[in-house]
Structures are given as C-alpha cells and as structure tokens.
Amino acid sequence: MGISPDANVFLEWKFVVINATLVWTWLVMALMVLGSWLITRKLSSGPEISRFQNLLEVIVDYTRSQIGEIARRQPERFLPFIGSLFLFIAVSNLLGIIPGFEPPTGSLSTTTGLAICVFAAVPLFGMTSRGLGPYLKQYLKPSPFMLPFNVIGELSRTLALAVRLFGNVMSGAKIVAILLAITPIIFPVVMQLFGLLTGIIQAYIFAILATVYIASGMRARSNKTGQEKGDSPDG
Amino acid sequence: MDSVTLIGMASIIAAGLTIGIGSIGPALGEGRALAQALQAMAQQPDEANTITRTLFVGLAMVESTAIYCFVVSMILIFANPFWNHVVAKAGG
C-alpha cells in the first residue's frame, strides 16, 4: 500500500516513466475533451435541446453565477480557467468510485501542478487588469516591512492548496482500504459514498479559493474609491 | 535495540500522536463553526445560500490543519525518509 499512485509504474523507458497518475490524468482529460466535443458538436438554441446540452448549460451557468457572486465582477474572464480546474478535479474525484481507477488528484504531483497554475494565474490576472506597477506595489502594503510576509503568504497558500486537496482525496482512498481490511461488507461502500460528497466539495473549494486569490490580486480596480476589502484568507 | 527498530517504533508512535492530538483542535473548531452557522441560518433563512457557501469554505480551511496532520502521519508510516535512509545504508 503506497501513499500515492505515483509509485505505481506501468512502463519505464530510460528517463520516461509512465505511472498511474499520468495514465489516469490523460484518461480524465480525454474523457472530458471527447465528451464536450460530442456534446457541443450540434448545439441548438431552440426550445428542444438534448439532455447533455442541458447538463453542460446547467454546469456553465452555475459556475458563472458562483464566480460572479464571489469575485463581484464580470465572470467571463475567469470562467475558462476556474471552470477547467473545477471540472477536472470533480471528474477525477468522481471517477474514484470505479474499481481500479486511482484519482490523479490523490497524488501530490497533480495537486502541486494545479496549485502552481493558480500561483501563476494570480499575478497574470492582476497585472493585466491593473498594470505591472500597481500590482507589484500591493506587496509593499501596508508598509515595505511587510514584503517578506506577503511573499511568504503567497507561497504558503499555494502549498496549502496543494496539500489540502491531496490530503483529502488520499485520505478517502486510505480509509476505504483500511475499512476493507477490518469490516469488508458494508462500511467501505458508505465511506465511498461519503467520498463522492467530499470529492465534489473539495473541487468546489479549490475553485472558490482560486477565485478568491485571483480576485484579491485584482481588487483595487473595482472599488478604487472605496476602502479596500479585508485581506485574502490564507489556508 | 538497533537503529531500525528504534526508528520504526518512534515513527509509529509519533504517527498516532500526530493524528490524535492534531484532530482535537479542528474537531472543536468545526463543531463551533457549524453551530454558529446553524444559528445564523435559523435567524436569517434568506441568507442560507451565502452562509452555506461560506461555511463550506471555512470548514475546509479549518479542516486543512487536520489534513496536514494526517499527511504527516501517512508520511511517517508509508514514506519515512529516515527509515529509507537507514534501510538503504544497511543494505548497501
């Protein structure tokens, strides 16, 4: 019993190592790309829409409204990034109930990659919306002495984002494995059901925290005259 | 006792203590947060959506301290660097 699917190596050739994380990540990606291509191939704007188009519309619309409520600005700019993060994490957590599938989010490498995407997106969105100077100046607030702490806060919340998702998904898998050894009849199924709920909530939280971090990086634009809102929460 | 036995013993005891002590605080905090959220929802049912969303995000943040403890104890049991070092030295 290992701690992550990284150790489960399928194929090894010189420095190229194909492990379970890679395989299942590509499977999830292929599933999502294929699914959305099949659904969006024939969209209709009439009263009769296919049920899968209905499903996608519900997901996209709900994501839009949530982002708009949290970031308090036009959600169109965030929607592709935040929506992809949410859908990828949610799909890989949900597929975890299929026997043999190891969620790629249960590996620290995947979650670190996702957290680094958020880490890079915060200055990108901030700089494009506020300009280079004003964005960098916010690190010197409230006083230049706070510069190291602002930088440390930026790094530690990225670490927290990665370890939180990894710990939650990994703990779900471990608890099921331990219960299988103790009470193999009913309880693993109950814990797997609970794992579905946790998986969706974790995907939601990852997306919300990414939105909050990005919005706090570009906050001065929307309320230039008013006072700035409270500091961004760190996990 | 040789060092392998000592490291194994210390790791297992430390893993149990880590998750045991580390989950006390988050459990108390989560219970308190949930009680407050229920109270707020009973007083203002219209705001239930916002309260629930904030509650989930807050719970996840409170819970992350317990998750850190869990990750540390899992590392102590399954991927212990000291254990690996000693075993590698003994083998090679």
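By convention here, each chain's residues receive numbers from 1 onward along its written sequence. Note on labels: chains are lettered from A, ligands numbered from 1, in written order. Selection of residues for local features in this predicted model requires a pLDDT of at least 70, selection of side-chain atom pairs for listing and counting requires 80 or more, and totals for whole chains, interfaces and linings are taken over all residues.

Student: Hey, could you run me through the overall build of chain B in this one?
Tutor: Of regular secondary structure, chain B possesses 4 helices and 0 strands. For the purposes of this entry, the term helix denotes a DSSP run of H or I that reaches at least four residues, the term strand denotes a run of E that reaches at least two, and both are numbered from the N terminus. The order of α-helices and β-strands along chain B, N terminus first, is α-α-α-α. Radius of gyration: C-alpha atoms only; globule rule: 2.2 Å multiplied by the number of residues to the exponent 0.38. Computed over C-alpha atoms, the radius of gyration of chain B comes to 20 Å, more than 25% over the 12 Å expected from 2.2 N^0.38 for 92 residues, which places it beyond the range of a compact globule. If you line up chain B on its principal axes, its C-alpha atoms span 65 × 20 × 10 Å.

Student: What am I meant to see in the environment of A:L43 here?
Tutor: All names here are of chain A. Within the secondary structure, L43 is located in the loop between α1 (20-40) and α2 (51-71). Exposed residues have 12 or fewer other C-beta atoms within 10 Å of their own C-beta, buried residues have 20 or more, and residues in between are partly exposed; the C-beta atoms are placed from the backbone. Of the residues examined, L43 has 11 C-beta atoms within 10 Å and is grouped as exposed. Sequence-wise, L43 and P184 are 141 residues apart; in three dimensions their C-alpha atoms are separated by 46 Å.

Student: Honestly, the environment of B:G22 in this entry has me stumped. Any pointers?
Tutor: All names here are of chain B. Tracing the chain through its elements places G22 in helix α1 (residues 3-22). Along the primary structure G22 and Y68 are separated by 46 residues, whereas in three dimensions their C-alpha atoms are 8.7 Å apart. Whether two residues are in contact is decided by their C-beta atoms, placed from the backbone, lying within 7 Å. With sequence-adjacent residues up to four places away left out, G22 is seen in contact with T65, A66 and C69.

Student: So what exactly am I meant to see when it comes to the interface of chain A and chain B here?
Tutor: As a measure of interface size, the accessible area lost when the parts come together is often cited. On the chain B side, the residues contacting the 14 residues of chain A number 12 residues. Of all the secondary structure elements, the ones that give two or more residues to the side of chain A that touches chain B are α6 (147-182) and α7 (187-217) of chain A. Sorting elements by how many residues they give to the side of chain A that touches chain B places α6(A) first, with 6 residues. Residues are sorted three ways: Asp, Glu, Lys and Arg are charged, Ala, Val, Leu, Ile, Met, Phe, Trp, Tyr, Cys and Pro are nonpolar, and all the rest, Gly among them, are polar. Considered class by class, the residues forming the side of chain A that touches chain B number 8 nonpolar, 5 polar and 1 charged.

Student: Even after reading the chapter, I still don't get the pairing of strand β2 (residues 16-19) of chain A, so can you show me in this structure?
Tutor: The side chains of a regular strand alternate between both faces of the sheet. Residue and element names in this part refer to chain A. DSSP bridges decide pairing: two strands pair if at least two such bridges lie between them. In terms of strand pairing, strand β1 (residues 9-13) meets β2 through 4 bridges, oriented antiparallel. Residue pairing for β2: E12 is matched across the bridge by V17. Between the antiparallel neighbours β1 and β2 lie 2 residues, among them K14 with a positive phi of about 50 degrees.

Student: Help me understand the confidence of the model for chain A, please; the structure alone is not making it clear to me.
Tutor: Any segment with low pLDDT has predicted coordinates that should not be analysed in fine detail. All names here are of chain A. Per-residue confidence for chain A averages 84 on the pLDDT scale, and 92% of its residues sit at or above 70. Model confidence for chain A, summarised as mean pLDDT per element, is weakest for β1 at 77 and strongest for helix α3 (residues 79-94) at 93. Along the chain, pLDDT gives the predictor's confidence residue by residue, from 0 to 100. In this model residues 221-235 is a low-confidence stretch, pLDDT under 50, and it forms 21 contacts with partners more than four residues away in sequence or in other chains.

Student: Explanation requested: the packing of α1(B) against helix α3 (residues 48-78) of chain B in the structure shown.
Tutor: Geometrically, a packed helix pair is captured by the angle between its two axes and the distance between the axes. Residue and element names in this part refer to chain B. With their axes 9 Å apart at the nearest point, α1 and α3 run at an angle of 170 degrees to one another. With respect to α3, the axis of α1 lies roughly antiparallel. Touching S11, A14, A15, T18, I19 and G22 of α1 are T65, A66, C69, F70, V72, S73, L76 and I77, all from α3. Note on definitions: angles span 0 to 180 degrees between N-to-C directions of axes, and those axes are lines fitted to C-alpha atoms, for helices only across the stretch in contact. Roughly parallel refers to an angle under 35 degrees, roughly antiparallel to one over 145, roughly perpendicular to one between 65 and 115, and oblique to any angle outside these ranges.

Student: What is the right way to look at the nonpolar core in this model?
Tutor: One broad rule of soluble globular proteins: the nonpolar side chains tend to lie buried together. Counting residues in hydrophobic clusters, the biggest one holds 42 residues, and the most contacted among them are A:F206 and A:A210. Among the secondary structure elements, those contributing two or more residues to this core are α1, α2, α3, α4 (108-130), α6 and α7 of chain A together with α3 of chain B. The element contributing the most residues to this core is α7(A), with 10 residues. When near neighbours in sequence (up to four residues on either side) are disregarded, A:F206 contacts A:L85, A:I89, A:L161 and A:L165. Defined on buried residues, the nonpolar core groups Ala, Val, Leu, Ile, Met, Phe, Trp, Tyr and Cys residues joined through C-beta atoms within 7 Å.

Student: Can you help me understand the confidence of the model for chain B in this one?
Tutor: All names here are of chain B. Counting all residues, the mean pLDDT for chain B is 89, and 99% of those residues have values of 70 or more. Across chain B, the secondary-structure element scoring lowest on mean pLDDT is helix α4 (residues 81-91), at 83, and the one scoring highest is helix α2 (residues 24-43), at 95. In the model output, the complex is listed with pTM 0.83 alongside ipTM 0.75.

Student: How should unusual backbone geometry be read in this particular structure?
Tutor: Negative phi characterises most residues that are not glycine, and trans characterises most peptide bonds. Of note, A:R72 is a non-glycine position whose phi angle comes to about 55 degrees, a positive value. Accessibility expressed as a C-beta count within 10 Å gives 13 for A:R72, which makes it partly exposed.

Student: Quick question: what am I supposed to make of the packing of α2(A) against α3(A) here?
Tutor: Residues and elements named next belong to chain A. For the pair α2 and α3, interaxial distance at closest approach is 11 Å and the crossing angle is 115 degrees. Both α2 and α3 take part in a crossing whose hand is right-handed. In this structure, α2 uses V60, T63, R64 and I67 to contact α3, whose residues at the interface are L79, I82, G83 and F86. Among the residues making up the contact of α2 with α3, the classes are represented as 5 nonpolar, 2 polar and 1 charged. Each crossing gets its handedness from the near helix: less than a right angle anticlockwise from the far helix is left-handed, clockwise is right-handed.

Student: Is there a simple way to explain α4(A) in this structure?
Tutor: For an α-helix, the turn length of 3.6 residues means that residues three or four places apart are oriented alike. Residues and elements named next belong to chain A. Expected span, for any helix, means 1.5 Å times one less than how many residues it has. In a regular helix each residue adds 1.5 Å, so 23 residues correspond to 33 Å; α4 covers 33 Å between its end C-alpha atoms and thus fits that length. In the core, the buried residues of α4 are packed alongside α1, α3, α5 (132-137), α6 and α7. Looking one or two residues beyond α4, the residue adopting positive phi is G131, at roughly 95 degrees.

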